[in-house]
Amino acid sequence: MVASVGKDTDEVFEAFCAGRSGLAPLRGFDSANFRADNAYEIDDRPGDGADVPLRATRWLLRTVAEALRDAGLGEDLSEVPVIVGTGLRELRSVELKWRDGAEFDLDRLHFGTALKERFSANRTYTIANACSASLHALAMGSDLLAAGAADTVVVAGVDTLTESMFGLLDRVQMVPPDSVRPFDRARRGTLMGDGAAAVVLRRDAGASAGRSGAWLRGVTINCDAAHPTAPDRQNIGAAMRGAHERAGVKARDIDLIMLHGTGTLLNDEAEAGAISDVFGTDVEAPLMTAVKSMSGHTSGASGLMSLIVAGRALTTGRIPPTVGLTDPVPSAQRFRFVRDRLEPHQLGLAQVNAFGFGGVNAVAIVEGAAL
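Conventions adopted
- Per chain, residues are indexed from 1 in the order of the written sequence.
- Only residues with pLDDT of at least 70 are given local features in this predicted model, and only at 80 or more are side-chain atom pairs given and counted; all residues enter the totals for whole chains, interfaces and linings.
- With hydrogens and water excluded, all non-hydrogen atoms of the structure serve as input to the side-chain values.
- A run of H or I in DSSP counts as a helix once it spans at least four residues, and a run of E counts as a strand once it spans at least two, with each numbered from the N terminus.
- Here the globule rule reads 2.2 Å times residues to the power 0.38, and the radius of gyration is calculated from C-alpha atoms.
- Exposed residues in this analysis have more than 50% of their type's maximum accessible area, buried residues have under 20%, and partly exposed residues fall in between, with area computed by a 1.4 Å probe over protein chains only.
- Residues are treated as being in contact if the distance between any of their heavy atoms lies within 4.5 Å.
- Residue-level accessible areas treat just the shown protein chains as cover; the underlying method is Shrake-Rupley with a 1.4 Å probe.
- When charges are counted, neither His nor the chain ends are considered; positive counts come from Lys and Arg and negative counts from Asp and Glu.
- Charge positions come from single atoms, namely NZ of Lys, CZ of Arg, CG of Asp or CD of Glu.
- Working definition: rings of Phe, Tyr and Trp (its six-membered ring) pair if their centres are within 6.5 Å, and the pair is stacked with planes under 30 degrees apart, edge-to-face with planes over 60 apart, and tilted otherwise.
- Comment: the charge-over-ring label is applied if NZ (Lys) or CZ (Arg) is within 6 Å of the ring centre and within 35 degrees of the ring normal.
- For each structure, a 1 Å grid was placed over the protein atoms alone; sets of points admitting a 1.4 Å probe that cannot get out are labelled cavities, open sets with protein on both sides within 12 Å along at least five of seven lines are labelled pockets, and lining residues have an atom within 4 Å of a point.
- Grid points are joined across faces, edges and corners, and a volume is the space filled by probe spheres set on the points.
- Residues are grouped as follows: Ala, Val, Leu, Ile, Met, Phe, Trp, Tyr, Cys and Pro are nonpolar; Asp, Glu, Lys and Arg are charged; all remaining types, including Gly, are polar.
- Whenever two N or O atoms come within 3.5 Å, that pair is a polar contact, provided that in protein one can donate a hydrogen and the other can accept it, and provided that, for residues adjacent in sequence, both atoms are side-chain atoms.
- Helix axes are fitted to C-alpha atoms over the stretch in contact, other axes to C-alpha atoms as well, and angles between N-to-C directions run from 0 to 180 degrees.
- Roughly parallel covers angles under 35 degrees, roughly antiparallel covers those over 145, roughly perpendicular covers 65 to 115, and oblique covers all other angles.
- Each crossing is labelled by how the near helix is turned from the far one, with a counterclockwise turn of less than a right angle marking it left-handed and a clockwise turn marking it right-handed.
- Within this analysis, the arc is defined by the directions that extend from the helix axis to the C-beta atoms.

**Thoughts on the overall build of the protein**
Line of reasoning, step 1. Scanning the protein from terminus to terminus reveals ten helices and 13 strands.
Line of reasoning, step 2. In terms of overall dimensions, the protein is globule-like: its C-alpha atoms have a radius of gyration of 19 Å, near the 21 Å expected for 371 residues.
Line of reasoning, step 3. The principal-axis extents of the C-alpha atoms in the protein amount to approximately 60 × 50 × 40 Å.
Line of reasoning, step 4. Taking all 371 residues of the protein together, 58% fall into the buried category.
Line of reasoning, step 5. Considering only contacts within the protein whose residues lie at least 6 apart along the sequence, 77% involve residues at least 24 apart.
Line of reasoning, step 6. Carbon and sulfur atoms form 50% of the exposed surface of the protein, whose accessible area is close to 14700 Å².
Line of reasoning, step 7. When the 38 basic and 47 acidic side-chain charges of the protein are each reduced to a single mean position, those positions are 2 Å apart.

Listed below in structure tokens is the structure:
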């Protein structure tokens, strides 16, 4: 992973476990045009601070290379499919070219160009499917393995702040948020964050599963198309139940839920309601956390980032807290949120939630691997 809090998986996970946020004053463009003036940006621009094109592509290449090293594989992906989930692709580069005349080859707006140059990747797919895109990519990778179309698949997710999307959120949120505070009564909405993540998905990773390794037990996706932006509680619940069924588990078997947790009024209520519907009140709720409270909303990368955090949590027993959660909303009062540093827990199964515009829902179930 790479995010506002760290340049690789170790740094990001340690920052999350320490409750360290990447929130900072907006750097990439002039905040005078907006009400909100904070974001969760990766601070890797040149010395003068001016924004430059193709940063999302650089993060993508970096995380794919890290995932391959962690899995003990070389960088030749000529026979390995690469699937990238994203919400906005290289839209920021388009903005810079349109307004500022930034120079770059337009072929580089497609991630496949750089993936082929760096890794000799011949089969690349980009799924531009809003905030659940990287888990949709994970589902596609899982299907390729199940169908015998590949033995190994690289799955990635990436997104960067864009001025147009930042402005859209700035206009539709009633009060500009000063931070992302999932499930807290004082939440005001979401703020964008930069991020990228990648995993190697194999039919049987065995002893070389990597330090963040886990078994993918099942992933379910659906699209309810109920509303452009308002999530649907019933269909989110259906995605959770479908993931449990595919994984061959019951709700009571889940030890940890990596929440989508955007801090928006509608998402938090719908997600909390769906969890209550699926998990009920007759079993002890699993531990829950929402890392967007530290990374911001990394859009298409967010699902896979949560998946990697889940893998680390299952391996180490360490769970990052939900920062800024002091007074849970009534619908989530009984949830076992991780709010402070905890002693390591014995964890077996984790659920990862990701939901996007238009009702594109995705839920994955992962099991700790014996490494």
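**A closer look at the packing of aromatic side chains**
Line of reasoning, step 1. Per the counting criterion, the structure on display carries five aromatic pairs.
Line of reasoning, step 2. A ring pair is formed by Phe 29 and Phe 34, whose centres lie 5.8 Å apart and whose planes are at 65 degrees; its orientation type is edge-to-face.
Line of reasoning, step 3. Given the relative accessible area of 8%, Phe 29 is considered buried.
Line of reasoning, step 4. The ring of Phe 104 has Lys 97 lying over it, and the distance from NZ or CZ to the ring centre is 5.5 Å.

**As for empty space enclosed by the protein**
Line of reasoning, step 1. Inspection of the entire model under this criterion finds three cavities of 30 Å³ or more.
Line of reasoning, step 2. Within this model, the largest cavity holds a volume of roughly 60 Å³.
Line of reasoning, step 3. In terms of lining residues, the largest cavity is bounded by Arg 35, Ala 36, Phe 166, Leu 169, Asp 170, Gln 173, Pro 176, Pro 177, Thr 190, Leu 191 and Met 192.
Line of reasoning, step 4. In terms of residue class, the lining of the largest cavity is made up of seven nonpolar, two polar and two charged.

**Focus: the side chain of Arg 55**
Line of reasoning, step 1. Its location among the elements puts Arg 55 in helix H2 (residues 55-70).
Line of reasoning, step 2. Accessibility expressed as a relative area gives 3% for Arg 55, which makes it buried.
Line of reasoning, step 3. A polar atom in the side chain of Arg 55 sits 2.8 Å from the backbone oxygen of Ile 42.
Line of reasoning, step 4. Engagement of the side chain of Arg 55 in a polar contact is seen with the side chain of Asp 44, the distance being 2.8 Å.

**Description of the packing of helix H7 (residues 233-247) against helix H8 (residues 265-279)**
Line of reasoning, step 1. Packing of H7 against H8 leaves a shortest axis separation of 8 Å and a crossing angle of 45 degrees. Relative to H8, the element H7 lies oblique. Like other packed secondary-structure pairs, H7 and H8 cross with a definite hand, here right-handed. Taking contact as the criterion, the partners of Arg 233, Ile 236, Gly 237, Met 240, Arg 241 and His 244 in H7 are, on H8, Ala 270, Glu 271, Gly 273, Ala 274, Ile 275, Asp 277, Val 278 and Phe 279.

**So, the environment of Phe 357**
Line of reasoning, step 1. Positionally, Phe 357 belongs in the loop between strand S12 (349-356) and strand S13 (360-368).
Line of reasoning, step 2. A C-alpha to C-alpha distance of 35 Å links Phe 357 and Asp 48, two positions 309 residues apart in sequence.
Line of reasoning, step 3. In contact with Phe 357, other than residues within four places in its own chain, are Ala 130, Met 165, Pro 228 and Thr 229.

**A short note on helix H4 (residues 111-119)**
Line of reasoning, step 1. Listed as buried for H4 are Phe 111, Gly 112, Ala 114, Leu 115 and Phe 119. Down the axis of H4, the buried set is contained in an arc of 165 degrees. They therefore lie on one face.
Line of reasoning, step 2. Buried residues along H4 sit against H2, strand S4 (82-86), strand S5 (124-128) and strand S6 (152-159).
Line of reasoning, step 3. One or two steps after H4, the chain reaches Ser 120, where phi turns positive at roughly 60 degrees.

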